[in-house]
Each structure stands twice: as C-alpha cells, then as structure tokens.
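Take a look at the letters that make up each chain.
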Amino acid sequence: MQVPLYQAKAEFFRMLGHPTRIRVLELLQHGPVPVRDLLADIEIEPSSLSQQLAVLRRAGIVVSTREGSTVTYALAGGDVAELLRAARRILTELLAGRNQLLAELQQTDTSAPPATAAHRPSVETGAR
C-alpha cells in the first residue's frame, strides 16, 4: 500500500524535527564539513552527533565520504539548503509580525490611563 503524499511529507518534516539535525544541515549549507568540525560547532557528545547524522544519512538528506580517518558530510542536494532558507524567511516574517504586535500592545499600555480602584474589576471570593 502506497503512503499518501501528505503522510510522506509529515514523516519528512518529523525527521527534520530535531535541533541537532537542523544545526547540522545549516552548517552543511556552505559545503562539506568534517565530523570533527561539526562536533566543535555543535558541542554535543560524539555518539549523539553520530546518531543524528545516521538519521539524516538514512533519509538521503546527507552523504558522507571518508579520506583516511576523516569522515566528511555534505548535503545530498541543494533543495535542502533552499528549504532552510525558506524556513528562515518564514520565521523572519512571523517574528516581525509578533514584534509589530508587541510594539502595538506596549504603545496601548503606555497610552491607557492607569486603572483606579473604581475601574479595577473586583475579585470576590466564593462568588459565582
């Protein structure tokens, strides 16, 4: 039985849904990176990085090459880098909208008169 496209997409995004995996992909956007450099940039245990790289490798998102004792990872294709750039643009827009809303809320707070005892809602205990 074939998996519906929406389910395949959900599984793809779930596979990406780990901060270490996202960070690895961000670092690989600029070209191949040896594992030792990934470890230095991400600052996690080698075994944890290895697990996350294995997930990305099994998914076909990254590829690895070995030269002597050095293992280097690279993105399997440019589409992943474009996806990360799109995510950055979306987050930028979302956060800009929140900052605008926050500024409006702060402006409203500074222009509203302070609540006086007559205007404050009363809190009665036990009242329904």
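Just so we're clear, the structure is a prediction, and the values are computed from it rather than from any experiment. (Residues numbered from 1 in each chain as written. Predicted model: local features only at pLDDT ≥ 70, side-chain atom pairs only at ≥ 80, totals over all residues. Heavy atoms only, no water.)

Student: What's the story with the overall build of the protein in this structure? I'm lost.
Tutor: The helix and strand inventory of the protein stands at five helices and three strands. Across the 128 residues that make up the protein, the buried fraction comes to 23%. In the protein, once contacts between residues fewer than 6 apart in sequence are set aside, the share between residues at least 24 apart is 51%. For the protein, the exposed surface amounts to about 9900 Å²; the carbon and sulfur share of it is 56%. (Helix = DSSP H or I, 4+ residues; strand = E, 2+ residues; numbered from the N terminus. Buried < 20%, exposed > 50% of the residue type's maximum accessible area, 1.4 Å probe, protein only. Contact = heavy atoms within 4.5 Å. Areas by Shrake-Rupley, 256 points an atom, 1.4 Å probe, with all protein chains shown as cover.)

Student: Looking at this structure, how should I read helix α4 (residues 46–58)?
Tutor: Residues that lie three or four places apart on an α-helix share one face, since the helix turns once every 3.6 residues. Compared with the 18 Å implied by 1.5 Å per residue over 13 residues, the 18 Å span of α4 between its first and last C-alpha is a close match. Those residues of α4 that sit buried are Leu49, Gln52, Leu53, Ala54, Val55 and Leu56. Looking at the buried side of α4, the elements it contacts are α1 (5–16), α2 (19–28), α3 (35–42), β2 (62–67) and β3 (70–75). Immediately downstream of α4, the backbone of Gly60 shows phi near 80°, a positive value. (Expected span 1.5 Å × (residues − 1).)

Student: Would you mind going over the pairing of β3 with me for this structure?
Tutor: Look at any regular strand and the pattern is simple: side chains alternate between the two faces of the sheet. Of all six residues that make up β3, five are buried, and the element is covered over most of its length. The pairing of β2 with β3 spans six bridges and is classified as antiparallel. For Val62, the partnering residue across the bridge sits in β3 and is Leu75. (Pairing = 2+ DSSP bridges.)

Student: Just checking my understanding: could you explain the packing of aromatic side chains for this structure?
Tutor: The geometry of an aromatic ring pair is captured by the separation of the ring centres together with the interplanar angle, meaning the angle of the planes. Tallied over the full model, the rule gives one aromatic pair. On the numbers, 5.4 Å between centres and 75° between planes, the contact of Phe12 with Phe13 is edge-to-face. Relative accessible area serves as the criterion here: at 31%, Phe12 is assigned to the partly exposed category. Classification of Phe13 by relative accessible area gives exposed; the value is 51%. (Phe/Tyr/Trp six-rings, centres within 6.5 Å; stacked < 30°, edge-to-face > 60°.)

Student: Would you explain a nonpolar patch on the surface in this entry?
Tutor: Taken together, the side chains of Ile90, Leu91, Leu94 and Leu95 make up a nonpolar region of the molecular surface, amounting to roughly 380 Å² of accessible area. Among the structural elements, Leu95 can be located in helix α5 (residues 78–111). A residue is classified by how much of its surface remains accessible, and Leu95, at 46% relative accessible area, is partly exposed. (Patch = residues over 30% accessible without salt bridge, like charges linked within 9 Å, V, L, I, M, F, W, Y side chains within 5 Å. Salt bridge = Lys/Arg side-chain N within 4 Å of Asp/Glu carboxyl O.)

Student: What exactly am I supposed to notice about the sheet that holds strand β1 (residues 33–34) here?
Tutor: Backbone hydrogen bonds hold the strands of a sheet together, and the pairing may be parallel or antiparallel. Reading across the sheet, the three strands line up as β1-β3-β2 and stay open at both edges, with antiparallel pairing between neighbours. Each of the sheet's edge strands pairs with one partner strand only, and the pair in question is β1 and β2.

Student: Even after reading the chapter, I still don't get the pattern of salt bridges, so can you show me in this structure?
Tutor: Should the charged atoms of two oppositely charged side chains come close, the side chains can pair. If you walk through the whole model with that rule in mind, you get three salt bridges. The residue Arg85 makes a salt bridge to Glu82 at a minimum N-O spacing of 3.2 Å. Separated by three residues within a single helix, Arg85 and Glu82 lie in helix α5, roughly one turn from each other. Arg85 gets classed as partly exposed once you look at its relative accessible area, which sits at 40%. A relative accessible area of 34% means that Glu82 is categorised as partly exposed. Residue Glu82 is joined to Arg89 by a salt bridge in which the shortest nitrogen-to-oxygen separation is 3.3 Å. Through salt bridges with shared partners, one network takes in Glu82, Arg85 and Arg89.

Just geometry here; none of it tells us what the structure is for.
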